[in-house]
Amino acid sequence: MRRLKPSRRSILAAVAAGAATAAAGISGPGAARSQAAVRPANASTQGRTRPVIFVVGDSTSSAYQQSERPRAGWGQALPLLLGPQAEVFDYAWSGASSKSFADAGLLDEVAAMLQPGDYLLISFGHNDEKVQDPARGTDPQTTFKEYLQKYIDSARARGAKAVLVTPVERRRFSALGVAQDSHGAYPPAVRELAAATGTPLVDLTASSKDLWQKLGPEGTKSHFLYASPGQYPQYPEGVADNTHFQAEGALAVAGLVASELQAQQAVPPGYFQHVDAQLDPLGGIHWPSERPVDKPVVLEVGAASVFRTVQAAVDAVPAGSTHRTQIRIAPGTYRELIRVPANKPRISFIGLGERAGDVVLVYNNASGTAKPDGTGPYGTGGSASVRIDGADFTAANLTFSNDFDEAANQEMKNRQAVALFLTGDRAVLRNVRCLGNQDTLLVDSPARGVQSRFFFSDCYVEGDVDFIFGRGTAVFSGCEIPGPWTGDLTATTATCRPAASTSRSNTATCSRAAGSSRMPRQAPSTWAVPGTRAATWRRLPRCSSGTPGWAPTSPVSPGRT
């Protein structure tokens, strides 16, 4: 099996990865760069071929995660307006002021990524106004300017171009419907500093106030985070927020920024090619599983670690955490039942061995195995060695196994034995083995009519008798799935194009070469479960070829190593 070398998450993340190297199909011009602007990846800063527009600021410009959709910052929407000449990396931090961002070391992190030809958009003020908070508050004529000067100096020292951006206006109207100023002396301070230092200025305070006045008190509700109860699952009780944006507002404000950058020739002509295009912001903006500025929490599992079992590490993860938790597992066999509940999203299992077979998570319950409390058998789902109900789960370089001995238990009526049971939406598994006999891999959803989607890359799944099953939707890319079947892979194997989302076996056909158990490598396309928006979780691929006899060209085989 291909060796995976676990490494620390690089700050540069998606910038170096680039949208061009990712399998993607996102609606709207320039939308393929939206994910690159917000998704972290293990990548080096070396070898970048295009300039990067870095965004630093507060919650009005920052990227938001899937659990907060449709809330978005203008930096998160800015990539939709770009042509191919540059990328955007949104490193704004919700709640930050110019002081707290720098004091937390984030300015140093961004400065370390800057290269000659890059741009640094600097937009603070909302939280600098909170002078009662000593960690964030600044004085507009002294400390505010002093901190902003640090950003300018950091950019220039790295050969990058700094651009000051005044804070976007809030949704604030008088009784007569006149848009109001809300930032006091902070916007004038930014203007003064720009003039004194010769730094390009985007006067977003003025342009956004003009836009809000044009839209009026009611029209601005489609731009700010207003939603009625039940309109979005992330806000079941509705929301009314006069500071933060939903997708339409984020894109509109990004358009103001892009237009001023072009008008002042702060960026070369042609950088922003889609300012006047008719775009679908809800369909084009990417909401990652966690914010790029948030650092993951790391828990170590192993004989010499604080956590001796994987379940103990899972139990230590706070419910509802907005940060990713990486559970890094030392080589060994962990014989235990593992359950990740729905209220613990963003958990990663990472095997630290040389190959996937070095870390094995295994148990041996079957459907007919009696529960210790005498309440009856476990049932098919209950037999799972590992069950994942938390959304945005990832796993890499390990094995999920159920080693129930079917031959030694012929008297048992129901001998289905699940190795891995997935229900949490948007799970991604890479270089993983799933071993069992009957019913090895259950890809399901929390309830009928509720979608759950899973992506498997370079994995190995072994079993017999409908050993990949469930009403979830799964995509298999470059995976090996041996079995006693012949002919094309059919309904109990891989999903390569959508099928009815309410069917018990939500799968479809993906052709393979005769005599081969290897799944084709996937190619980019926009893909969605019927009745849902592709924007909910993009980058779901389809088969590269539907022609029988098409064989993958990759020489790498996951195998049973």
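Use the structure listed above.
What comes next is a walk through the structure.

Analysis parameters
Residues numbered from 1 in each chain as written. Predicted model: local features only at pLDDT ≥ 70, side-chain atom pairs only at ≥ 80, totals over all residues. Heavy atoms only, no water. Core = buried A, V, L, I, M, F, W, Y, C linked by side-chain atoms within 4.5 Å. Buried < 20%, exposed > 50% of the residue type's maximum accessible area, 1.4 Å probe, protein only. Helix = DSSP H or I, 4+ residues; strand = E, 2+ residues; numbered from the N terminus. Contact = heavy atoms within 4.5 Å. Pairing = 2+ DSSP bridges. 1 Å grid on protein atoms, 1.4 Å probe; cavity = no way out; pocket = protein on both sides within 12 Å on 5 of 7 lines; lining within 4 Å. Points joined across faces, edges and corners; volume = space filled by probe spheres on them. Nonpolar A, V, L, I, M, F, W, Y, C, P; charged D, E, K, R; others polar. Phe/Tyr/Trp six-rings, centres within 6.5 Å; stacked < 30°, edge-to-face > 60°.

### Comments concerning the nonpolar core
- Counting 48 residues, the largest nonpolar core has Ile53, Trp74, Leu78, Leu121, Leu204, Leu261 and Phe272 as the members making the most contacts within it.
- Take this core: its biggest share by element is 9 residues, from helix H9 (residues 247–263).
- Non-local contacts of Leu78, meaning those with residues more than four positions away in its chain, are made with Ile53, Val55, Val88, Leu121, Ala254, Ala258 and Phe272.

### What to know about the sheet that holds strand E19 (residues 441–443)
- In space, the 5 strands of this open sheet follow the order E12-E15-E17-E19-E22, with parallel pairing throughout. The open sheet has two free edges, formed respectively by strand E12 (338–340) and strand E22 (468–469), since each of these has just one partner strand.
- Taken together, the 3 bridges between strand E15 (residues 386–388) and strand E17 (residues 420–422) define a ladder with parallel strand orientation. By the bridge assignment, Arg387 is partnered in E17 with Phe421.

### Looking at the layout of surface pockets
- What the second largest pocket holds in volume is close to 540 Å³.
- Along the wall of the second largest pocket there are 25 residues; nearest its centre are Gln66, Gln234, Ala391, Asp425 and Arg426.
- Grouping the amino acids of the lining of the second largest pocket by side-chain chemistry returns 7 nonpolar, 11 polar and 7 charged.

### Here's the deal with the packing of aromatic side chains
- For the coordinates displayed, the defined rule picks out 12 aromatic pairs.
- Each ring, one from Phe89 and one from Tyr91, has its centre 5.4 Å from the other, and the planes form 35°; the classification is tilted. Like Phe89, the residue Tyr91 is buried in the burial classification.
- Ring geometry for Phe144 and Tyr186: centres 5.1 Å apart, planes at 70°, overall edge-to-face. Of this pair, Phe144 sits in helix H6 (residues 143–157) while Tyr186 sits in helix H7 (residues 186–197), and the two are 42 residues apart along the sequence.

### Quick word on the sheet that holds strand E8 (residues 239–246)
- The strand order E2-E8-E7 describes an open sheet built from 3 strands, whose pairing is antiparallel. Looking at which strands have only one partner, the edges of the open sheet turn out to be strand E2 (71–72) and strand E7 (224–227).
- The sheet contact formed by E2 and E8 spans 2 bridges and is antiparallel. If you follow Arg71 over to E8, its bridge partner there is Gln246.

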